[in-house]
Structures are given as structure tokens and as C-alpha cells.
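Examining the three-dimensional arrangement
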Amino acid sequence: EFSTKYKLPFTILADVGGKTAAAYGVLTDYKLMKIASRQSFLVNPEGIIVKHYDEVDPDTHTAQVLADLQALMAAGPPTTG
């Protein structure tokens, strides 16, 4: 419903059971409930987290992520040494 409402051109994850939030370490346990804090991760095609944003400002986050993606792509693939 969220994707449709905001006309998102991609699939979003519904983490109903909280397993993904727990695996990423963003689940905060309040006495009566668990809530995922707003954090973002850039994951490369190999499934490796290349950037973690532990504080996200919705007003500026998109520009920050796009700039980081451009920098990562300009740097090219990591070299093994």
C-alpha cells in the first residue's frame, strides 16, 4: 500500500516480524514493544554493507545517499591486495 500510495518504482521490504531489523542491529526494545530506529544501509551487489547511516534526516538523506553512491561508483570496485 505504501509503495502504491507514493508511486515508488521499486519493491520495499515489510519486516513484519522484525527479523531484518534485528539482524541489522536497529531494533530497540521498549518494555511493551520493539521499534526499529530510522537508519539506512548501502549494500553493494555482493551483499556487503558499504555505508551505514545511523542518523537519518528525511529532509537531506536522499541527497546524501545519492552523493555517496556517486562517490562509490567513481571510485570503482575495490581492489584486492
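To start, this report covers the structure provided alongside it. Residues take numbers from 1 onward in each chain, read along the sequence in its written order. Reporting of local features is limited, given that this is a predicted model, to residues whose pLDDT is at least 70; pairs of side-chain atoms are given and counted only at 80 or more, and all residues count toward the totals for whole chains, interfaces and linings. Each side-chain value is derived from all of the structure's non-hydrogen atoms; neither hydrogens nor water enter the calculation.

Observations concerning the pattern of salt bridges
For this document, the term salt bridge refers to a Lys or Arg side-chain nitrogen within 4 Å of an Asp or Glu carboxyl oxygen. Inspection of the entire model under this criterion finds one salt bridge. Between Lys-51 and Asp-68 there is a salt bridge, with its nearest N and O atoms 3.9 Å apart. Pair noted here: Lys-51 is in strand β4 (residues 49-53) and Asp-68 is in helix α3 (residues 61-75), with a separation of 17 residues, a long-range link. Put simply, DSSP H or I for four residues or longer makes a helix, DSSP E for two residues or longer makes a strand, and each gets a number counted from the N terminus.

Some points on the packing of aromatic side chains
Classification of ring pairs uses Phe, Tyr and Trp, with its six-membered ring standing for Trp, and accepts pairs whose centres are within 6.5 Å; under 30 degrees between planes counts as stacked, over 60 as edge-to-face, and the remaining range as tilted. One pass over the structure, following the stated rule, counts two aromatic pairs. Pairing Phe-2 with Tyr-6 gives two aromatic rings, centres 4.7 Å apart and planes at 50°, and the pair type is tilted. Here's how the labels work: a residue is buried when its accessible area is under 20% of the maximum for its type, exposed when over 50%, partly exposed in between, all with a 1.4 Å probe on protein chains only. Residue class for Phe-2 comes out partly exposed when judged on its relative accessible area of 48%. A relative accessible area of 47% places Tyr-6 in the partly exposed class. Summarising the aromatic geometry, the rings of Tyr-24 and Phe-41 are spaced 4.6 Å apart at their centres and angled 55° between planes, so their arrangement reads as tilted. Of this pair, Tyr-24 sits in the loop between α2 (19-23) and β1 (27-30) while Phe-41 sits in strand β3 (residues 40-43), placing them 17 residues apart in sequence.

A closer look at the pairing of β1
Two strands are counted as paired when DSSP detects at least two bridges linking them. Pairing between β1 and strand β2 (residues 33-36): four bridges, direction antiparallel. Note on β2: the bridge partner recorded for Asp-29 is Lys-34. Between the antiparallel neighbours β1 and β2 lie two residues.

Some thoughts on α3
For a helix, the expected span equals 1.5 Å multiplied by the number of residues minus one. A rise of 1.5 Å per residue sets the reference length of α3, with its 15 residues, at 21 Å; its end C-alpha atoms lie 21 Å apart and thus fit the reference within 8%. The set of residues buried in α3 consists of His-61, Val-65 and Asp-68. Relative to the axis of α3, the buried residues are bounded by an arc of 65° and lie together on one face. In α3, the exposed positions that point more than 90 degrees away from the buried face belong to Thr-62, Ala-63, Gln-70, Met-73 and Ala-74. It is the directions from the helix axis to the C-beta atoms whose arc is reported.

Digging into the environment of Leu-69
By the secondary structure assignment, Leu-69 is in helix α3. Relative accessible area serves as the criterion here: at 34%, Leu-69 is assigned to the partly exposed category. Considering only alpha carbons, one finds Leu-69 and Ala-14, 55 residues apart in sequence, at a separation of 24 Å.

Some words on a nonpolar patch on the surface
Each patch is built from salt-bridge-free residues with over 30% relative accessible area, joining like charges within 9 Å and nonpolar side chains (Val, Leu, Ile, Met, Phe, Trp, Tyr) within 5 Å. Surface exposure here means Shrake-Rupley accessible area, sampled with a 1.4 Å probe, where a residue is shielded only by the protein chains that are shown. On the surface, a nonpolar cluster with roughly 400 Å² of combined accessible area is contributed by Ile-48, Val-50, Leu-66, Leu-69 and Leu-72. Considering each element in turn, the nonpolar patch owes the most residues, three residues, to α3. Assignment of secondary structure puts Val-50 in strand β4.

Take it as geometry only, folks, not as evidence of what the structure does.
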